[in-house]
Amino acid sequence: MTKNQRLVYIALLAAQAVIISLLERAIPFPFAVAPGAKLGLANMITLLALYTLPVKDAFKVVSIRLVLATLLGGTISTFMYSAAGALLSFFGMLFVKNLGRKHVSLIGVSTTGAVLHNVGQLMVASWIAQTWTVMLYLPVLSFIGILSGIAIGIAANYLLTHVEKLHYYMDLRDLRQHNYF
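Structure report, in brief. What you see is a predicted model, and the numbers here were worked out from it, not measured in a lab.

Within the protein chain, the secondary structure is distributed over seven helices and zero strands. Along the chain direction, N to C, the helices and strands of the protein chain fall in the order α-α-α-α-α-α-α. Counting every position in the protein chain, which comprises 181 residues, the buried fraction comes to 40%. In the protein chain, once contacts between residues fewer than 6 apart in sequence are set aside, the share between residues at least 24 apart is 71%. When the accessible surface of the protein chain is totalled, it reaches about 10,000 Å², and 71% of it is carbon and sulfur.

Right under this line is the structure:
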């Protein structure tokens, strides 16, 4: 893959993640039990980036999504919450993914990311509120995060196995990791 093709692929993934983020923000609140909880549909793009791009490029996709989604419909506080959740989620998913496919599936990686996203956001909320009692909300958000992580993981797994062009990027990534070029 040429440098231009890689940049276009990164831009396409980032654009898809931004659009999904904005659409999800427009969807009425789906969880009456957990105010503020979202499905995290844009994390599907993060998973695709993690499984088809080198880490540096996958991080670019996440960073671009954070900045553009905030500029197009957010505030500084939404940026702080999103950044904390996205960064903790990204590095947690990366760590779990690196354990290997024998130990953790893509669905497990997705679920880890969903739960860690909630942890990151609650840490920012605790910092802003100047109290750790906000973390008492974690079990409720974790339960919803596990359910949505499983759903997002299943969808991402389906895309990675059934979209032929993604096979091309996965194969290139594997070749790069084994230093074939």
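The subject of this paragraph is helix α1 (residues 3-26). For α1, which comprises 24 residues, the first-to-last C-alpha distance of 35 Å matches the rise-based estimate of 34 Å (1.5 Å per residue) to within 8%. Buried residues of α1: Arg6, Tyr9, Ile10, Leu13, Ala14, Ala17, Val18, Ser21 and Glu24, and no others.

This part is about the side chain of Asn43. Turning to its location among the elements, Asn43 is positioned in helix α2 (residues 43-52). For Asn43, a relative accessible area of 14% puts it in the buried group. What Asn43 contacts, discounting residues up to four positions off in sequence, is Arg65 and Ile152.

The next thing to look at is the packing of aromatic side chains. Counting across every chain of the model gives three aromatic pairs. Geometrically, the ring pair formed by Phe59 and Phe91 is tilted, given 5.8 Å between the ring centres and 35° between the ring planes. Within this pair, whereas Phe59 is found in helix α3 (residues 55-73), its partner Phe91 is found in helix α4 (residues 76-97), the two being separated by 32 residues in sequence. With relative accessibility at 29%, the residue Phe59 sits in the partly exposed group. Relative accessible area serves as the criterion here: at 46%, Phe91 is assigned to the partly exposed category. Summarising the aromatic geometry, the rings of Phe90 and Phe91 are spaced 5.3 Å apart at their centres and angled 80° between planes, so their arrangement reads as edge-to-face. What makes Phe90 buried here is its relative accessible area of 1%. Three or more aromatic residues joined by ring pairs make a cluster, and in this case those are Phe59, Phe90 and Phe91. Cation over ring: Lys97 sits above Tyr51, and NZ or CZ is 5.1 Å from the ring centre.

The rules behind the values
- Residues numbered from 1 in each chain as written.
- Predicted model: local features only at pLDDT ≥ 70, side-chain atom pairs only at ≥ 80, totals over all residues.
- Heavy atoms only, no water.
- Helix = DSSP H or I, 4+ residues; strand = E, 2+ residues; numbered from the N terminus.
- Buried < 20%, exposed > 50% of the residue type's maximum accessible area, 1.4 Å probe, protein only.
- Contact = heavy atoms within 4.5 Å.
- Areas by Shrake-Rupley, 256 points an atom, 1.4 Å probe, with all protein chains shown as cover.
- Expected span 1.5 Å × (residues − 1).
- Phe/Tyr/Trp six-rings, centres within 6.5 Å; stacked < 30°, edge-to-face > 60°.
- Lys NZ or Arg CZ within 6 Å of the ring centre and 35° of its normal.

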